[in-house]
Amino acid sequence: MPSFSIKHATVADIPEIIAIQEKTWEPTYGDILTKEQIDFMFEKIYSHESLLRQFTVEQHYFLILLNDNKPEGFASVSGEGPEKFKLHKIYVLPSKQGTGAGKYLLAETEKYVKSVGGKTLVLNVNRYNKARGFYEKMGFAVTGEEDIPIGPFWMNDYILEKQLN
């Protein structure tokens, strides 16, 4: 039986976030993106410097999912406007998917957003990512599509939104 808890991350947790991401990205995106795009995006988004900027300049708030005090996932959110927040990242180790870890982490992320005045949570998900079904089961609905240039590559995403009660 999992024993989940949440740790509110600080810049000291950047190595933990990178370690989780290193185990997560290839299984998540290996069938969707080329190896070159995965490597490029990983360096652009998950280098120590990039994560430090997300914590300090971009004001992303990170939560780390713990199971028996071991890090197994993380999420990050930031304010996007009055009462609106964006879920930038949510990942759970592939070996822990299907255990309720993702549901717990998303619920705790929503709880945090509501605690700071958020009423709407939006996210982007790759159009070919099977996680879209997870988000829809969790109450998100597709509100649009977006094509985002990242260096020489493109992310082809759905935009999903959920009203928080």
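As shown above, the structure is provided for reference.
Conventions we followed
Residues numbered from 1 in each chain as written. Predicted model: local features only at pLDDT ≥ 70, side-chain atom pairs only at ≥ 80, totals over all residues. Heavy atoms only, no water. 1 Å grid on protein atoms, 1.4 Å probe; cavity = no way out; pocket = protein on both sides within 12 Å on 5 of 7 lines; lining within 4 Å. Points joined across faces, edges and corners; volume = space filled by probe spheres on them. Helix = DSSP H or I, 4+ residues; strand = E, 2+ residues; numbered from the N terminus. Nonpolar A, V, L, I, M, F, W, Y, C, P; charged D, E, K, R; others polar. Pairing = 2+ DSSP bridges. Axes fitted to C-alpha atoms, helices over the stretch in contact; angles between N-to-C directions.

A.B. asks: I keep staring at the layout of surface pockets and nothing clicks. Help me out?
C.D. replies: Empty space among the atoms becomes visible once a probe the size of a water molecule is rolled across them. Computed from the structure, the largest pocket encloses a volume of approximately 1,200 Å³. The wall of the largest pocket is formed by 45 residues, among which Tyr29, His88, Lys89, Ile90 and Tyr91 lie closest to the centre. A per-element tally of the lining of the largest pocket places strand 4 (residues 84-92) first, with seven residues. Of the residues in the lining of the largest pocket, the class split is 21 nonpolar, 14 polar and 10 charged.

A.B. asks: Hey, could you run me through the sheet that holds strand 3 (residues 70-81) in this one?
C.D. replies: Within a sheet, neighbouring strands are paired by backbone hydrogen bonds and run either parallel or antiparallel to one another. Here we have seven strands laid out as an open sheet, ordered 1-2-3-4-5-7-6, and mixed in their pairing. Whereas interior strands pair on both sides, the edge strands pair on one side only; in this sheet they are strand 1 (4-8) and strand 6 (141-150). Strand-to-strand, the axes of this sheet are offset by a mean angle of 30°, without reference to chain direction. Across four bridges, the pairing between strand 4 and strand 5 (residues 120-126) is parallel.

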